[in-house]
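Per-entry structural report
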Amino acid sequence: MKILLASSEVHPYSKTGGLADMVGALAKTLAGFGHRVGLVTPLYAGVRERFPKIKKLDWEIELPLGTRQETAEVWTLAINARLTIYFIRHPDFYERKGLYQEGGKDYPDNAERFVFFSKCVAQLGRYLPWKPELIHVHDWQAALVPLFVRHQSLSDGWHHAPNTCLTIHNLAYQGNFPAAAFDLTNLPAGYFNPKGVEFYGALNCLKAGIVFSDIITTVSPRYAREIMTGQFGCGLEGVLQQRRESVFGILNGVDYSEWRTTRNPFLDHAFSVRSLNRKTRQKLALQKELGLPVNAAIPLFSTITRLADQKGVDILLGALEEMLVNRMQFVLLGSGSSYFESAYRDLAMRCPDKVVARIGFDQGLSHRIEAGSDFFVMPSRYEPCGLNQMYSQRYGTVPIVRTTGGLDDSVVDESEDNNGATGIKFAEYSAPALAKSIRRALSIFEDTKTLLAYRVNGMNTDFSWKRTGEQYSRVYELALNQHS
Ligand code: ADP
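Residues numbered from 1 in each chain as written. Predicted model: local features only at pLDDT ≥ 70, side-chain atom pairs only at ≥ 80, totals over all residues. Heavy atoms only, no water.

**A short note on empty space enclosed by the protein**
- Scanning all chains against the criterion turns up two cavities of 30 Å³ or more.
- Quantified by volume, the largest cavity comes out at close to 80 Å³.
- Lining the largest cavity, in full, are His11, Asp21, Met22, Ala25, Asn252, Gly253, Asp255, Glu258, Trp259, Leu387, Tyr391 and Trp465.
- Take the lining of the largest cavity: its biggest share by element is three residues, from helix α1 (residues 18–32). (1 Å grid on protein atoms, 1.4 Å probe; cavity = no way out; pocket = protein on both sides within 12 Å on 5 of 7 lines; lining within 4 Å. Points joined across faces, edges and corners; volume = space filled by probe spheres on them. Helix = DSSP H or I, 4+ residues; strand = E, 2+ residues; numbered from the N terminus.)

**Quick look at the pairing of strand β4 (residues 68–80)**
- Both strand β3 (residues 55–65) and β4 contribute to a ladder of eight bridges, which runs antiparallel. Looking at the pairing, Lys56 lines up with Trp75 of β4.
- Counting the residues between successive antiparallel strands, the hairpin from β3 to β4 contains two residues, one of them, Gly66, with a positive phi of roughly 65 degrees.
- Counting the residues between successive antiparallel strands, the hairpin from β4 to strand β5 (residues 83–89) contains two residues. (Pairing = 2+ DSSP bridges.)

**Observations regarding the packing of aromatic side chains**
- Per the stated rule, a full pass over the model turns up 20 aromatic pairs.
- Pairing Phe199 with Tyr200 gives two aromatic rings, centres 4.9 Å apart and planes at 70 degrees, and the pair type is edge-to-face.
- Residues Phe301 and Phe375 carry aromatic rings whose centres are separated by 5.0 Å and whose planes lie at 20 degrees to one another, so their mutual orientation is stacked. Here Phe375 lies in strand β18 (residues 375–378) and Phe301 lies in strand β15 (residues 300–307), a separation of 74 residues in the sequence. The pair Phe301 / Phe375 is uniform in exposure class, with both members buried.
- Three or more aromatic residues joined by ring pairs form one cluster here, namely Tyr44, Phe93, Tyr94, Tyr100, Phe114, Phe116, Phe117, Trp140 and Phe177.
- Positioned above the aromatic ring of Trp130 is the side chain of Arg36, whose terminal nitrogen or guanidinium carbon lies 4.6 Å from the ring centre.
- Looking at Arg96, its charged tip hangs above the ring of Tyr107, at a distance of 4.7 Å from the centre. (Phe/Tyr/Trp six-rings, centres within 6.5 Å; stacked < 30°, edge-to-face > 60°. Buried < 20%, exposed > 50% of the residue type's maximum accessible area, 1.4 Å probe, protein only. Lys NZ or Arg CZ within 6 Å of the ring centre and 35° of its normal.)

**Points about helix α6 (residues 205–212)**
- Counting buried positions along α6 gives seven out of eight residues, so the element sits mostly inside the fold.
- Listed as buried for α6 are Cys205, Leu206, Lys207, Ala208, Gly209, Ile210 and Phe212.
- The backbone nitrogen of Leu206 has a side-chain oxygen 3.1 Å away, supplied by the residue at the start of α6, namely Asn204. (Polar contact = N/O pair within 3.5 Å; in protein donor to acceptor, adjacent residues only side chain to side chain.)

**A short note on the site of the ligand**
- Not every one of the 18 residues close to the ligand is listed here, only the nearest: Gly18, Asp21, Arg306, Lys311 and Gly360.
- Lys15 places a polar side-chain atom, nitrogen or oxygen, 3.0 Å from an oxygen atom of the ligand.
- Here Asp21 contributes a side-chain N or O atom positioned 2.9 Å from an oxygen atom of the ligand.
- Here the ligand, which alone exposes 560 Å², has 93% of that area covered by the protein.
- Elements with a minimum of two residues in the shell around the ligand: α1, β15, β16 (329–336) and α13 (388–394).
- Among the elements that make up the shell around the ligand, the one with the highest residue count is β15 (three residues). (Near = heavy atom within 4 Å. Areas by Shrake-Rupley, 256 points an atom, 1.4 Å probe, with all protein chains shown as cover.)

**So, the nonpolar core**
- Counting 98 residues, the largest nonpolar core has Leu124 and Ile210 as its most contacted members.
- With nine residues, helix α4 (residues 110–127) is the largest single contributor of residues to this core.
- Ignoring sequence-local partners within four residues, the contact set of Ile210 consists of Leu166, Ile168, Leu171, Ile216, Leu236, Val239, Leu240 and Arg243. (Core = buried A, V, L, I, M, F, W, Y, C linked by side-chain atoms within 4.5 Å. Contact = heavy atoms within 4.5 Å.)

**Brief notes about the environment of Asp139**
- Looking at where Asp139 falls in the secondary structure, it is placed in the loop between β8 (134–138) and α5 (145–155).
- Distance from Asp139 to Tyr173, taken between C-alpha atoms, is 7.9 Å for residues 34 residues apart in sequence.
- Apart from the residues lying within four places of it in its own chain, the contact partners of Asp139 are Leu19, Leu166, Thr167, Ile168, His169, Asn170 and Leu206.
- Within the local environment of Asp139, its side chain forms a polar contact with the backbone nitrogen of His169, the two atoms lying 2.7 Å apart.

**Examining the layout of surface pockets**
- Taken as a whole, the second largest pocket holds about 250 Å³ of empty space.
- Taken together, 13 residues line the second largest pocket, and the ones lying closest to its centre are Leu63, Lys119, Phe148, Gln152 and Thr185.
- Sort the elements by how many residues they give to the lining of the second largest pocket and α4 lands first, with four residues.
- In terms of residue class, the lining of the second largest pocket is built from five nonpolar, five polar and three charged. (Nonpolar A, V, L, I, M, F, W, Y, C, P; charged D, E, K, R; others polar.)

**Focus on the domain arrangement of the protein**
- Per the domain assignment, the segments of the protein are domain 1 (2–253 + 466–480) and domain 2 (277–463).
- Distance between the C-alpha centres of domain 1 and domain 2: 32 Å.
- Taken together, the 20 residues of domain 1 in the interface contact 20 residues of domain 2.
- In total, about 1,600 Å² of surface goes out of reach between domain 1 and domain 2, with carbon and sulfur atoms giving 54% of it.
- Between the two partners, domain 1 and domain 2, sit one salt bridge.
- Put simply, Asp408 and Arg222 hold a salt bridge, and the shortest N to O gap is 2.6 Å.
- Our enumeration of links across domain 1 and domain 2 arrives at eleven residue pairs in polar contact (both at pLDDT 80 or more).
- For the side of domain 1 that touches domain 2, the secondary-structure elements that each account for two or more residues are α1 and α7 (221–226). (Domains from an automatic or database assignment. Buried area = accessible area lost by both parts, 1.4 Å probe. Salt bridge = Lys/Arg side-chain N within 4 Å of Asp/Glu carboxyl O.)

Right under this line is the structure:
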């Protein structure tokens, strides 16, 4: 199969969250299966310096964007014979400090930046010499692509246009812009109505993908069910219900070539399920790195997260206030809302021998925290998939999660399987409910045999991309059969 993927972030070139990890791994997996894969993404500041092998193609894209004409260059990196990354170079749009925002504020021209990106993706889909059969786009930044493809195949002479698939990584981010932004699409006004891309008078990019792509996937089975409801549907539940037959939930995989406990350049000590004593050495090294008392007998809790409402960082603060009287340590690595950044800094200042708040983004430290902690806390309000709870299982760190979305699909509580438990789950979104789970964790920590069983079960759980990639391949087959 010949597949063109499109995403506004891709690991290892750019990343703000799980989207980048997922798309990078999906591309590698599909190419490994023997598919021809292209992946389109913006060329952000600094990428060419870090990847000097990226080369300019003899291909300049010139497209209308509302009343203007915009041009972009196409740069490429051939990973292997079956996988090519295509970078869209438009310095004014993409060479900035952030991907989507700076100082907590979205760039005011995000509509221009990503409508243009989506147009470029459709252009590549149409004119790449290897003729993709399927275009798989991710999140709102690329969600207008299925509409551009549909429109050009119906009324602009694009014969045998590819089928399309949209993956929703987070329904809360929809790319909603004032109606005037619709002009940037240069599409007939007929698409701007409630059956098309209009959402309460605004342009909704994600809705375009939901309405016009052949297949829709989201990143866990439970989230696929949740988004059909008023509670999680963010206003799009009705539109999704209309496409119910075409919506599939596929749990993301873990790229074990990166997220590994042996031969991992970020870790101080390699360990495995057969040498868990060395995980303790990693814990001691982490405590030292963080400036915490170095003591294996003190349970170490952690979280690595965007500091956003979604992530349950408010109830985590409440639960910590209650639980920190116990002998325990806690480290947070994260950034985002300035309110929560100061709240966690403040907590760390009040409890310097128990709490560390590292505000920022640090890939290496994220591996060491996953590996050196005893428990990893993810109390999300909602969680489309979540990756850290799966990484922590591979690293022998017991996840504490709320029963929502992918967290529920990827962690086994003792109440579900007495011998197969991999983590601790709680349902009620409240600080006391989370505190209760932390209390349970403290008692598991004291019971060496049970703790070992949780760790071993987690480490042996297989979240490999092979299974995820096979599920995507099957869904692509369905998409190809939609129309031809
Ligand atoms: P989301 O995509 O909603 O942010 P996920 O759990 O799916 O959440 O993915 C988050 C990814 O980003 C993980 O790989 C996580 O380790 C990483 N991450 C989040 N915050 C940081 C940070 N401050 N430093 C390093 N990595 C981070």
